[in-house]
Amino acid sequence: MKQKVLVVDDDRLVADTLNLVFLANGYESEARYSAADGLLRARTFGPQLLLCDITMPEESGLQLVEKIHAEMPEVRTLMLTAYSSNAAKVDAHSNRTGRPLKLLNKPCRPEELLREAYTLLRSA
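Notes on the structure in this doc start here. Note that this is a predicted model, so its numbers are computed, not measured.

### A word on the side chain of Ser-29
Link 1 in the chain: Position of Ser-29 relative to the elements: it lies in strand β2 (residues 28–32).
Link 2 in the chain: A relative accessible area of 7% places Ser-29 in the buried class.
Link 3 in the chain: A distance of 3.4 Å separates the side chain of Ser-29 from the backbone oxygen of Val-5, its partner in a polar contact.
Link 4 in the chain: Reaching out from Ser-29, the side chain makes a polar contact with the side chain of Asn-19 at a distance of 2.5 Å.

### So, the sheet that holds strand β5 (residues 102–105)
Link 1 in the chain: Spatial ordering of the open sheet is given by β2-β1-β3-β4-β5, a layout of five strands whose pairing is parallel. At either end of the open sheet lies a strand with only one pairing partner, and these are β2 and β5. Ignoring which end each strand starts from, the neighbouring axes of this sheet average 20 degrees apart.
Link 2 in the chain: In this structure, strand β4 (residues 76–81) lies alongside β5, joined through four bridges in parallel fashion. In the strand pairing of β5, Thr-81 is matched with Asn-105.
Link 3 in the chain: Sitting on the sheet, helix α1 (residues 12–24) is in contact with β1 (4–8), β2, β3 (49–53) and β4, with an inclination near 175 degrees to β2.
Link 4 in the chain: Against the sheet, helix α5 (residues 110–122) engages β3, β4 and β5, with an angle of about 155 degrees to β4.

Criteria and thresholds
Residues numbered from 1 in each chain as written. Predicted model: local features only at pLDDT ≥ 70, side-chain atom pairs only at ≥ 80, totals over all residues. Heavy atoms only, no water. Helix = DSSP H or I, 4+ residues; strand = E, 2+ residues; numbered from the N terminus. Buried < 20%, exposed > 50% of the residue type's maximum accessible area, 1.4 Å probe, protein only. Polar contact = N/O pair within 3.5 Å; in protein donor to acceptor, adjacent residues only side chain to side chain. Pairing = 2+ DSSP bridges. Axes fitted to C-alpha atoms, helices over the stretch in contact; angles between N-to-C directions. Contact = heavy atoms within 4.5 Å.

Following this line, the structure appears as structure tokens:
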């Protein structure tokens with residue numbers, strides 16, 4: 001059975017490109033373009049991995065992660081950011097929740113993304 005990846009990023013080009021990277025490498029993957037849509041899809045799709053942008057309008061990726069982990073604690077998470085200042089937010093979130101989050105900087109190479117995804121999913 002293929003492992004499921006949910007990509008959530010408000011930048012459609014980024015979300016669709018990352019989705020294609022996962023699909024081309026044997027994952028079952030879907031893209032969503034807002035935290036609200038990501039949460040709704042996570043509930044029915046049941047991903048093993050969430051790949052999520054931090055800075056999104058209306059609701060941040062960190063808020064989405066909290067909601068998904070509350071409902072699906074087994075979901076592994078990779079966070080994406082184009083802003084180095086978000087690293088402190090991710091660290092604070094990890095310290096507060098006791099759940100480490102892996103942070104990747106945009107743009108990231110497909111090889112790096114796939115390596116991190118594989119490592120997280122293997123530890124599940």
